[in-house]
Amino acid sequence: MPEVTPSAEAAEILQVEKTVTTGPWGTLEYYPVRLEPPTTQFLQSLFGKTTVWNFGVLTETGALAELRGIGFSEEILETLRAEGRWGRAKSGLEVTVPDSVVESITPDNRLALAEWFHSNNYDFFSRITVNIEGGDFSAFTEDKVRPEILELVKTHSFVRKGVLSFMDLPFIVRKIGDREEERETFIRTIFSTRALVVRLLIDETTDRAAIVDYWSWGERASRVESIVKGVQATMGVDKIDIVHLLPPLPRRYLYAFSRISDSSVHNTPDCFWASVHFFKRSPSPRVLDSLSIEHYLAHDFTEVSAEEKLHFGDIVCLLRPEDESFIHSYVHIADDIVFTKNGASNLHPFILTLKSDMMSLYPHEGECKVRVFRQIPGR
Amino acid sequence: MRTIPSLLLLAMLIPALSQRVGAQGESVEPVAKRQVSIAPDGPWGNLEFFEVPLEFPTETLSSFAIPSQNVEWVLQAATHEEMDSILLVAGLTSAEISNAFAGCTVIQDEDIFRVYPTTEAVLSMPLETRTKLYRLLSQYSQNRFYRRPVYINQQNLSDWFRGSEVDRDSITDVSMLAYPTPNGQGFYLSDVAYTLRGATSALEERELLQGLLRSSGLIVRLRLSRESLTPGIADYWTAGYKNKAVMPLLESVVTQNDGSSIDIAHLIPALPRQYLNQFPDTQDGADGRLPDWFWTCYNFFRSSPRAVYADSPDRDRLILKEFEPAMPLNQFGDLLLLNSGGRIIHGCIYIAADIVYTKNSSDIYSPWIFMRIQDVIGYHDVLGDVTISTFRKRAPLPEAP
């Protein structure tokens, strides 16, 4: 288990200690890094300046009644009725929300609204809600975000089941105005992801056979052994980034973002895509088809008890206990370190992270049923 | 061409052995470790690197056609007179030909001569003769290890074989049979067949081949500090392609407090990172053939590889369409073409300092690696006339990873 559990509480704290963990994987040290999506990942919709709420099949009267029901004041509702522009789009009833409403609703209103969208219009909720990774504003340094903009982000953010969230992106884009570079920087900052750089410590006393055995599960041992030997034979080198120990496909995508070419007509790579491809050499378009997870796991994997000690490369699936519907999956790396892609958005990279950090993005699902699948070597 | 007298070569190769192994074979001092090297400073920042010898996957080696231990030279000639003429044109003197071919067995097979020299002829051949003869043999595809010799990138054989299971006698054989590359960068070993004579079992044979056919890749790290991290470094690694938001990653690294470093595997695009330090797999040949140098270079910045190869009819058109000639200083991602004998013999991608990303052969025994450009030249420059031309990726920009 980790000997040290440090954290960067604020951007100005630059000294971040590394964490060290020892086990059958050898001795690993890791430290956090922050990844920002490149501008090539941005869809134009991210820069929309119009705040819109979508109420699905409701009528205007019904929507206002729902807002009243979750605690919106009559004054706000009146403003929304008078100044909002109501209309029916393909995706449902929409209202464009004036700044006066965005600025006057309370944190409780905002949280209640998010909960309402989550329960009643999940697709819309997913589109407008940003989970600010790390649970703080440390990514919003002054060189990236002006203090007055940061203040607006703070006052318009809310904590939903432990997750720091934000759903007023168009409002901030309006406030930034026509400064294109500042807008891009803001988008990159708010969508930034915390990940880990992980390194295996190696010295002359390292049990090479044990290390190779652990890290070469499911593929060739010679590559891992060559790397470890090379480090042991070099003076002044006592660690190797585990990117060199990962199988080819996670190596390709690590800290990177999925691209249009990775997508199909209906789906883009998500957590399960990242998990099931872990030991593959190249991605299969079939994994983007909407089939049950059993279709992909039944033949090439064996299910092992969730109580069993996890192996490198094990796929862990989290399911809703009531109906075993799929919530999330990730790949076990070592100790509390996992390989994951949190969501299907092109703005979310493939990362190594701590399981505890990853799970902080899935708070609303409560207790999950866990199923673990182990790759059959050679499949 | 620069040649090194044979005694000097032996002196360079063997002392390392005597340091490691005593007269009776006992270990007399600890084996020295390899050193970390520091690359020259430049817009790429402060780089350090070290070599990792990559061994064949065992299953790949089992598919390797192990050569006979009998040294064989194949020459394309219809008559003895024509063969002699070819040898003379290659620069060998009559005396050198007589000595090299003394006591040899010759099998004439249609328009080729298969020559089996004596052990003495192979071992005692002067370096200059060996260099001239083997360069000639490299022109015939039947002479596998003359056409593509084992490349030894340093003088210290003990160091080169470190970590392998190759025994001392075999290393001594190699020290006697290795010869300098035409441009003086490293050594070639073509007489792999001869070294197999010492193997007493199939296992020893495989271990020897494992040791001989290893490819040394570089692990390269960028050292960073708050003082040294500049936007220029991020610009360098982004190469104008915006293939990754590098700066936040670099900034995160410098928050570490121990003289931070990041493996540059994280700074190259996704596709080359996937293949780095990998040998080809059968899956890589699912479409009918394995990736080669052109596939590697052409796809460096692409998110999905395109099936193009060095012998594709539209290779040169693609180069001119997607790249433009460039002058030094080289930039990250530049395509370096090695020209020899009036044709392109290889290409690799410039990374930084003197480090390139390369796949040196299209077969399954050649991994994708970082290598120093002088070693890439040494590896390929069988004729000693390699020149390099640089091409830079044109706009529009390729897809980012």
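If you're wondering where the values come from, they're calculated on a predicted model, not measured in any experiment. Position numbers for residues start from 1 in each chain and track the written sequence from start to end. Chains and ligands are labelled by the order in which they are written, letters from A for the one and numbers from 1 for the other. Local features in a predicted model are, by the rule used here, given only for residues with pLDDT of at least 70; side-chain atom pairs are given and counted only at 80 or more, and totals for whole chains, interfaces and linings are based on all residues. Excluded from the side-chain calculation are hydrogens and water; included are all heavy atoms of the structure.

Caption draft 1: Fine view of the overall build of chain A. Assigned secondary structure in chain A consists of 14 helices and 16 strands. In this setup the radius of gyration rests on C-alpha atoms only. A globule is expected at 2.2 Å times the number of residues raised to 0.38. Relative to the globule expectation of 21 Å for 379 residues, the C-alpha radius of gyration of chain A, 23 Å, shows essentially globular dimensions. When the backbone C-alpha atoms are referred to their principal axes, chain A occupies close to 75 × 45 × 35 Å. Per-residue burial over chain A gives 54% buried out of 379 residues. Strands are runs of DSSP state E lasting at least two residues, helices are runs of H or I lasting at least four, and both sets are numbered from the N terminus onward. Classification of residues uses two cut-offs on accessible area relative to the type maximum, computed with a 1.4 Å probe and protein chains only: under 20% is buried, over 50% is exposed, and between them is partly exposed.

Caption draft 2: Looking closely at the packing of aromatic side chains. Any two rings among Phe, Tyr and Trp, with Trp reduced to its six-membered ring, count as a pair given centres within 6.5 Å; such a pair is stacked if its planes are under 30 degrees apart, edge-to-face if over 60, and tilted if neither. Scanning the model with the defined rule gives 46 aromatic pairs over all chains in all. Seen from their ring centres, Trp 273 of chain A and Phe 350 of chain A are 5.9 Å apart, and the 55° between their planes marks the pair as tilted. Separated by 77 residues along the polypeptide, Trp 273 of chain A in helix H12 (residues 271-276) and Phe 350 of chain A in strand E15 (residues 350-354) bring together distant segments of the chain. What makes Trp 273 of chain A buried here is its relative accessible area of 3%. Relative accessible area serves as the criterion here: at 1%, Phe 350 of chain A is assigned to the buried category. Both rings, one in Phe 278 of chain A and one in Phe 312 of chain A, keep their centres 5.5 Å apart while their planes meet at 70°; by these two values the pair is edge-to-face. Of the two residues, Phe 278 of chain A sits in the loop between H12 and helix H13 (293-297) while Phe 312 of chain A sits in the loop between strand E11 (301-304) and strand E12 (315-319), which places them 34 residues apart along the sequence. This pair shows no difference in class: Phe 278 of chain A is buried, exactly as Phe 312 of chain A is. In textbook terms, an aromatic cluster arises when at least three aromatic residues are bridged by ring pairs, as seen for Trp 25, Tyr 214, Trp 215, Tyr 253, Trp 273, Phe 278, Phe 279, Phe 312, Phe 339 and Phe 350 of chain A. Positioned over the ring face of Phe 350 of chain A is Lys 341 of chain A, at 5.7 Å from the centre of the ring. Ring-over charges, as used throughout, are those where CZ of Arg or NZ of Lys falls within 6 Å of the ring centre and within 35 degrees of the ring normal. One residue, Arg 144 of chain B, lies across the ring of Phe 145 of chain B, its end atom 5.0 Å from the ring centre.

Caption draft 3: Spotlight on the interface of chain A and chain B. Facing the 51 residues of chain A at the interface are 56 residues of chain B. Interface area for chain A against chain B, summed over the two sides, is near 4700 Å², with a carbon-plus-sulfur share of 47%. One speaks of a salt bridge when a side-chain nitrogen belonging to Lys or Arg is within 4 Å of a carboxyl oxygen belonging to Asp or Glu. Along the contact surface separating chain A from chain B lie two salt bridges. Residues Glu 55 of chain B and Lys 229 of chain A are paired through a salt bridge, measuring 3.4 Å at the closest nitrogen-oxygen approach. Pairs of N or O atoms are called polar contacts if they sit within 3.5 Å, as long as, within protein, a hydrogen donor faces a hydrogen acceptor (for residues adjacent in sequence, only side-chain-to-side-chain pairs). Counting across the chain A and chain B interface gives 18 residue pairs in polar contact (both at pLDDT 80 or more). For the side of chain A that touches chain B, the secondary-structure elements that each account for two or more residues are strand E2 (26-35), helix H10 (221-232), strand E10 (239-241) and helix H11 (248-253) of chain A. Residue contacts are defined here by distance: any two heavy atoms, one from each residue, within 4.5 Å place the two residues in contact. What gets called buried area is simply the loss in accessible area from a 1.4 Å probe that two parts show on being joined, summed for both.

Caption draft 4: Expanded view of H10 of chain A. Here H10 of chain A contains 12 residues, and its C-alpha end-to-end distance of 16 Å stays within 8% of the 16 Å for a straight helix at 1.5 Å per residue. Of all 12 residues in H10 of chain A, 10 are buried; the element is thus mostly enclosed. Of the residues making up H10 of chain A, those classed as buried are Ser 222, Arg 223, Val 224, Ser 226, Ile 227, Val 228, Lys 229, Gly 230, Val 231 and Gln 232 of chain A. Residues of H10 of chain A that are buried sit in contact with helix H9 (208-215), E10 and H11 of chain A together with strand E2 (46-54), helix H3 (58-61) and strand E9 (215-224) of chain B. In a helix, the anticipated span is given by 1.5 Å times the number of residues less one.

Caption draft 5: The arrangement of the domain arrangement of chain A in detail. All names here are of chain A. Each assigned domain of chain A is listed with its residue range as follows: domain 1 (19-37 + 194-375) and domain 2 (44-191). Between the C-alpha centres of domain 1 and domain 2 there is a distance of 33 Å. Listed by partner, the interface residues are 10 residues for domain 1 and 14 residues for domain 2. Between domain 1 and domain 2, roughly 1300 Å² of surface is buried when both sides are summed, and carbon and sulfur atoms account for 53% of that area. Applying the counting rule to domain 1 against domain 2 returns two salt bridges. The residue Glu 36 makes a salt bridge to Arg 188 at a minimum N-O spacing of 3.3 Å. In this structure, the connection of domain 1 to domain 2 is made through four residue pairs in polar contact (both at pLDDT 80 or more). For the purposes of this description, domain bounds are those given by an automatic or database domain assignment.

Caption draft 6: Structural context of the environment of Arg 281 of chain A. Among the secondary structure elements, Arg 281 of chain A is positioned in the loop between H12 and H13. Arg 281 of chain A sits in the buried class, given a relative accessible area of 7%. If near-sequence neighbours (up to four positions away) are discounted, Arg 281 of chain A is found in contact with Pro 248 and Leu 249 of chain A together with Gln 274, Tyr 275, Gln 278, Phe 279, Pro 280, Asp 281, Gln 283, Asp 284 and Trp 368 of chain B. Polar side-chain contacts of Arg 281 of chain A include one of 3.1 Å to the backbone oxygen of Phe 279 of chain B.

Caption draft 7: Local environment of the sheet that holds strand E3 (residues 73-76) of chain B. Residues and elements named next belong to chain B. Strand pairing is assigned whenever DSSP detects at least two bridges linking the two strands. Sheet architecture is open: three strands sit in the order E3-E5-E4, paired in antiparallel fashion. The open sheet has two free edges, formed respectively by E3 and strand E4 (105-109), since each of these has just one partner strand. Looking at each pair of strands side by side, their axes are set apart by 20° on average, direction ignored. Orientation is described by lines fitted to C-alpha atoms, with helices fitted over the stretch in contact, and by angles between N-to-C directions that extend from 0 to 180 degrees.

Caption draft 8: Region of interest: the sheet that holds strand E1 (residues 37-38) of chain B. Residues and elements named next belong to chain B. Strands sit in the order E1-E2-E9-E10 across an open sheet of four strands; the sheet is antiparallel. The sheet terminates laterally at E1 and strand E10 (260-263), the two strands that pair on one side only. Two strands pair when backbone bridges link them, and E9 and E10 are joined in this way by four bridges, in the antiparallel orientation. Note that in E10 the partner of Arg 221 across the bridge is Asp 263.

Caption draft 9: Layout of the environment of Asp 334 of chain B. Residues and elements named next belong to chain B. Relative to the elements of secondary structure, Asp 334 occurs in the loop between strand E11 (323-326) and strand E12 (335-340). The buried category is assigned to Asp 334, whose relative accessible area is 1%. Sequence separation of Asp 334 and Gly 285 is 49 residues, and the distance between their C-alpha atoms is 26 Å. Not counting residues up to four positions away in its chain, the partners in contact with Asp 334 are Cys 348, Ile 349, Tyr 350, Thr 390, Phe 391 and Arg 392. Reaching out from Asp 334, the side chain makes a polar contact with the backbone nitrogen of Gln 331 at a distance of 2.7 Å.

Caption draft 10: Spatial organisation of the side chain of Arg 273 of chain B. In this structure, Arg 273 of chain B sits in helix H15 (residues 270-275). The convention is simple: Lys and Arg are positive, Asp and Glu are negative, and His and the chain ends are not counted. The charged side chain of Arg 273 of chain B is buried without a salt bridge, its nearest counter-charge being Asp 241 of chain A at 9.0 Å. Separated by 2.6 Å, the side chain of Arg 273 of chain B and the backbone oxygen of Arg 251 of chain A make a polar contact.

Caption draft 11: How the structure looks around the packing of helix H1 (residues 60-69) of chain A against helix H2 (residues 74-83) of chain A. All names here are of chain A. Put simply, H1 and H2 touch, their axes get as near as 10 Å, and they point 155° apart. In terms of their interaxial angle, H1 and H2 are classed as roughly antiparallel. Remark: the crossing between H1 and H2 carries right-handed chirality. Contacts between H1 and H2 involve Glu 60, Leu 64, Leu 67 and Arg 68 from the first element and Glu 74, Leu 77, Leu 80 and Arg 81 from the second. What sets the label is the angle itself: under 35 degrees gives roughly parallel, over 145 gives roughly antiparallel, 65 to 115 gives roughly perpendicular, and the rest give oblique. Less than a right angle of anticlockwise turn of the near helix away from the far helix marks a crossing as left-handed, whereas a clockwise turn marks it as right-handed.

Caption draft 12: Fine view of a negative patch on the surface. Together, Glu 82, Asp 109, Glu 110 and Asp 111 of chain B make up a negatively charged patch on the protein surface. By secondary structure assignment, the location of Asp 109 of chain B is in strand E4. Like charges are joined within 9 Å and nonpolar side chains (Val, Leu, Ile, Met, Phe, Trp, Tyr) within 5 Å, but only among residues with over 30% relative accessible area and no salt bridge; these make up the patches. Residue exposure ignores everything except the shown protein chains as possible cover, and the areas themselves are Shrake-Rupley values with a 1.4 Å probe. We put the charge of a Lys on NZ, of an Arg on CZ, of an Asp on CG and of a Glu on CD.

Caption draft 13: Unusual backbone geometry, seen in detail. Residue and element names in this part refer to chain B. Here the residue pair Pro 328 and Leu 329 is connected by a cis peptide bond, since its omega of 10° sits within 30 degrees of zero. One can find Leu 329 in the loop between E11 and E12. Even without being a glycine, Ala 353 presents a positive backbone phi close to 50°. Inspection of the secondary structure puts Ala 353 in the loop between strand E13 (343-352) and strand E14 (355-359). Given a relative accessible area of 14%, Ala 353 falls into the buried group.

Caption draft 14: Representation of the domain arrangement of chain B within the structure. Residues and elements named next belong to chain B. Taken domain by domain, chain B holds domain 1 (6-32 + 59-213) and domain 2 (276-393). With both sides pooled, the region where domain 1 packs onto domain 2 buries about 1300 Å², and carbon together with sulfur makes up 53% of that total. Connecting domain 1 to domain 2 are six residue pairs in polar contact (both at pLDDT 80 or more). As a working rule, the residues Ala, Val, Leu, Ile, Met, Phe, Trp, Tyr, Cys and Pro are called nonpolar, Asp, Glu, Lys and Arg charged, and the rest polar, with Gly in that last group. Here the side of domain 1 that touches domain 2 is composed, by residue class, of five nonpolar, eight polar and four charged.

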